[in-house]
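Single-letter residue listing:
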Amino acid sequence: MVPNLRSDEWYAGDDRNSYIHRAWMRRGLPPSAFDGRPQIAIANTASDLSPCNAHLHEVAQSVKNGIYEAGGIPLILPVVSIGENQVRPTAMLMRNLAAMATEEMLRANPIDGVVLLGGCDKTIPALLMAAASVDLPAVVVPGGPMLTGHFRGEPLGCGTDVWRLSEEVRAGTLSEEQFLRSESSMIRSKGHCNTMGTASTMALVTEALGTILPGLAGTPAPDARLLEAAHETGRLAVELVAADRRPSTFLTKANFHNAIVALAAIGGSTNAVVHLLAIAGRLGIDLTIDDFDRIGAEVPLLVNLQPAGRYLMDDLFRAGGFLAVMREVRDLLDPSALTITGQPFVDYLDDAQIWDADVITPRADPLLPAAGITVLRGSLAPGGAIIKPAAASAHLLKHRGRAVVFDSIEDFHARIDDPDLDIDADSVMVLRGCGPKGYPGMPEVSNMPLPQKLLAQGVRDMVRICDGRMSGTAYGTVVLHVTPESAAGGPLAIVQTGDWISLDVRAGRLDLDVAADEIAARTPNSATVDAYAAPRRGWERLYVDHVLQADRGADLDFLVGSSGSTVTRESH
Ligand code: FES
Ligand code: MG
């Protein structure tokens, strides 16, 4: 067996403490379970209240079998789970809580390695942040996307089509009855959202990062091959302990380079930016928002999936899968980046093949020549903001318009459909108070629905600016993650309705066209600052007091970095 296991500190020897640790764990396990076999936790985010992850109980069983087969002891550890669409005020508020709680449980327990089971948006990022900070051998099994649902013969994409259909109702082109009828067709099977939203994005990007068995990400949740790969991953976890392959031993900036190339080529969610920044922060890797702009700039969009395109995740899988996409951009990848298997990521691309060139477009014929996320800076976003040009309207990428300011999402909902609201297609909608501190938790509200009266005129996109995030399933010319946020003293707090705002995506600029002396003389409207959340106790209090801005991944300041896995004191 493997020498010097971490779990030996609990189980090895004949003293009173090792007796206690063993005795309470036995419950049917034979004495050989504690003879120096790797103890592998299965950090499981399965939960009835995270419906996208509910099937991970079944996946855990396959992981367990693989661990046993390889001579390890599998131990299921339920961890904090976050159902993206259920949790208020926003799932993002809980990501750091899940990461912190998982980190502490991994460190506190007698384990040598961990298999991380996630799926729904925040769950894989939280698990990876935890694993990076405790630095134990760790490998992810993504739960996989759901199968495509259909309504009236047309495929329905989770999220994206909810936005589209609800806009059609507001525009008067779809009846409310038909809209409600589509509800039961939207979610057809187990698994996470099947658009290129945050869950799909994070699964694929995590494979590019090197922390998933190559070829697994994107396997649909009901597909038998998911269980086969889960079994295989269980065996790998035991090998990781023998090889001492911890996150800090193989994750470098090169791995993040590959993740950013993947993010652009798949047309992935803007949320990946905050998650990758947070994970890199845990590893002490110097990743910045500008790396996304720089590395993504020359990466073509090759995946024709909603929200930017047409198809859904099971189409991507049948068309050749993620590795077929990565093979097309092989020359843009960093060949030095290793995966969890110890082999470079690029070594897994040789056998990949495109079977449907309408879903995965070849490099020679991309959907867009450059798909990366663009970083914007200027007097309205001194710390930076981001936009996803692939999801925006070409005619709005350079635009100057008058601000229509909303102080909160509630203010927005109360006024947006007022026929007297002074707004036209050239206006720039500004929503503030939605940053990490302000909301709190940086919700996905930036893609504000357009005013009904403009929808009725056929307007389908407008420039929108916000210090919050937007759902990975959303689209539009939306400037996100404005830093510093208004509640942290950012200039967004002093914008007034009627101010001119200039957006120039190609130049990377976002400016408030108001004279500097006038900007300096303005004080933030107290309604926009004092009304922001000021929680008095509990997690929200800790979060608001310590959360970093979006350009640092919105992690908590004291969670950046790693504490390792050592615990020196006994419990009794
Ligand atoms: Fe769970 Fe979309 S709500 S992945
Ligand atoms: Mg989402």
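Residues numbered from 1 in each chain as written. Chains lettered and ligands numbered in written order. Predicted model: local features only at pLDDT ≥ 70, side-chain atom pairs only at ≥ 80, totals over all residues.

Some details on the overall build of the protein chain
Inference 1: Assigned secondary structure in the protein chain consists of 20 helices and 14 strands.
Inference 2: A compact globule built from 572 residues would reach a C-alpha radius of gyration of about 25 Å, and the protein chain, at 24 Å, matches this within 12%.
Inference 3: Projected onto the principal axes, the alpha-carbon positions of the protein chain cover approximately 80 × 55 × 45 Å.
Inference 4: Taking the contacts inside the protein chain whose residues are at least 6 apart along the sequence as the reference set, 79% of them involve residues at least 24 apart. (Helix = DSSP H or I, 4+ residues; strand = E, 2+ residues; numbered from the N terminus. Rg over C-alpha atoms; globule rule 2.2 N^0.38 Å. Contact = placed C-beta atoms within 7 Å.)

Things to note about the pairing of strand β3 (residues 113-118)
Inference 1: A large share of β3 lies buried, amounting to six of its six residues.
Inference 2: Going residue by residue along β3, you find G113, V115 and L117 tucked away on one face and V114, L116 and G118 tucked away on the opposite face as well.
Inference 3: Two elements, strand β1 (residues 39-44) and β3, share five bridges in a ladder whose sense is parallel. Across the sheet, I42 pairs through a bridge with V115, a residue of β3.
Inference 4: At this point the chain moves from β3, through helix α5 (residues 123-134), to the parallel strand β4 (residues 138-142), and the crossover so formed is right-handed. (Buried ≥ 20, exposed ≤ 12 C-beta atoms within 10 Å, placed from the backbone. Pairing = 2+ DSSP bridges. Right-handed = clockwise from strand over helix to strand, strands pointing away.)

Considering the UniProt feature "domain: Dihydroxy-acid/6-phosphogluconate dehydratase N-terminal" (unreviewed entry) in the protein chain
Inference 1: Taking the numbering used here, the UniProt-annotated feature "domain: Dihydroxy-acid/6-phosphogluconate dehydratase N-terminal" (unreviewed entry) corresponds to residues 37-344.
Inference 2: Between the C-alpha atoms that bound residues 37-344 there is a distance of 28 Å. The span itself is 49% helix and 9% strand. (UniProt positions renumbered as here; feature names shortened; annotations may be inferred.)

Regarding the packing of α5 against helix α8 (residues 198-209)
Inference 1: The N-to-C vectors of α5 and α8 enclose an angle of 35°; their axes lie 9 Å apart at closest approach. In this structure, α5 uses I124, P125 and L128 to contact α8, whose residues at the interface are M202, A203 and T206.
Inference 2: For the contact of α5 with α8, the class distribution of residues is five nonpolar, one polar and no charged. (Axes fitted to C-alpha atoms, helices over the stretch in contact; angles between N-to-C directions. Nonpolar A, V, L, I, M, F, W, Y, C, P; charged D, E, K, R; others polar.)

Points about the sheet that holds β4
Inference 1: Reading across from one edge, β2-β1-β3-β4 is the order of the four strands in this open sheet, with parallel pairing throughout. Two strands in the sheet have a free side with no partner beyond their single neighbour: β2 (73-78) and β4. Pairs of neighbouring strands in the sheet enclose a mean axial angle of 25°, with direction left out of account.
Inference 2: Across five bridges, β3 lies against β4 in parallel orientation. Each residue of the ladder has a partner; that of V115, found in β4, is V139.

Some remarks on the nonpolar core
Inference 1: Of all hydrophobic cores here, the largest spans 173 residues; its most connected members are I40, V114, A265 and V430.
Inference 2: Sequence-distant contacts of I40, that is, excluding residues within four places in its chain, are made with I67, G72, I73, P74, L75, I111, D112, G113, V114, V115, A237 and V238. (Core = buried A, V, L, I, M, F, W, Y, C linked by C-beta atoms within 7 Å.)

Side note on helix α3 (residues 56-69)
Inference 1: For α3, which comprises 14 residues, the first-to-last C-alpha distance of 20 Å matches the rise-based estimate of 20 Å (1.5 Å per residue) to within 8%.
Inference 2: If you check which residues of α3 are buried, you get L56, V59, A60, V63, K64, G66 and I67. Along the axis of α3, the buried residues cluster in a sector spanning 165°; they form a single face.
Inference 3: Following α3 by one or two positions, G71 has its phi on the positive side, about 95°. (Expected span 1.5 Å × (residues − 1). Arc of directions from axis to C-beta.)

Regarding the environment of E167
Inference 1: Examined against the element boundaries, E167 turns out to sit in helix α6 (residues 160-171).
Inference 2: Between the C-alpha atoms of E167 and S50, which are 117 residues apart in sequence, the distance is 27 Å.
Inference 3: Setting aside chain neighbours within four positions, we find E167 in contact with P449 and L455.

Quick look at the packing of helix α4 (residues 91-108) against α5
Geometry of a packed helix pair, given as the angle between the helix axes and the separation of the axes.
Inference 1: Interhelical geometry of α4 versus α5 gives an angle of 40° and a closest axis separation of 8 Å. Viewed along their axes, α4 and α5 adopt a mutual orientation that is oblique. Viewed along their axes, α4 and α5 form a crossing whose handedness is right-handed. Note on element contacts: α5 touches α4 through P125, A126, L127, M129, A130, S133 and V134, opposite R95, A98, A99, T102, E103, L106 and R107.
Inference 2: The class makeup of the residues in the contact of α4 with α5 is nine nonpolar, two polar and three charged. (Parallel < 35°, antiparallel > 145°, perpendicular 65-115°, else oblique. Left-handed = near helix turned anticlockwise from the far one by under 90°.)

Side note on the pairing of strand β14 (residues 509-512)
A regular strand places its side chains so that they alternate between the two faces of the sheet.
Inference 1: In β14, alternate side chains face the same way, and those of L510 and L512 are buried while those of R509 and D511 on the opposite face are not.
Inference 2: Where strand β13 (residues 500-504) meets β14, four bridges bridge the pair, whose relative direction is antiparallel. Residue pairing for β14: D504 is matched across the bridge by R509.
Inference 3: Where β13 folds back onto β14 in an antiparallel hairpin, the turn is made up of four residues, including G508, whose phi is positive at roughly 70°.

Some remarks on unusual backbone geometry
Inference 1: Backbone torsion omega between Q306 and P307 reads 10°, so that peptide bond is classified as cis.
Inference 2: For P307, the position within the fold is in the loop between α13 (289-296) and α14 (313-318).
Inference 3: The residue R27 is not glycine, and still its phi comes out positive at about 40°.
Inference 4: Here R27 lies in the loop between α2 (16-26) and β1.
Inference 5: Here R27 falls in the exposed class, since 6 other C-beta atoms lie within 10 Å of it.
Inference 6: One non-glycine residue, D135, lies in the positive phi region at around 50°.
Inference 7: By the secondary structure assignment, D135 is in the loop between α5 and β4.
Inference 8: For D135, a count of 21 C-beta atoms within 10 Å translates into the label buried.

Observations regarding the confidence of the model for the protein chain
Inference 1: On average, the protein chain scores 95 in pLDDT, and the residues at 70 or more come to 98%.
Inference 2: Among the prediction metrics, the complex's ipTM stands at 0.89, with pTM recorded as 0.97. (pLDDT = per-residue confidence, 0-100.)

Some points on the environment of I260
Inference 1: Among the structural elements, I260 can be located in helix α11 (residues 253-265).
Inference 2: For I260, a count of 28 C-beta atoms within 10 Å translates into the label buried.
Inference 3: With 34 residues separating them along the chain, I260 and R294 place their C-alpha atoms 9.7 Å apart.

Examining the environment of D351
Inference 1: Topologically, D351 is positioned in the loop between α15 (321-328) and β7 (374-378).
Inference 2: Once the C-alpha coordinates of D351 and S571 are considered, the two residues, 220 residues apart in sequence, prove to be 51 Å apart.

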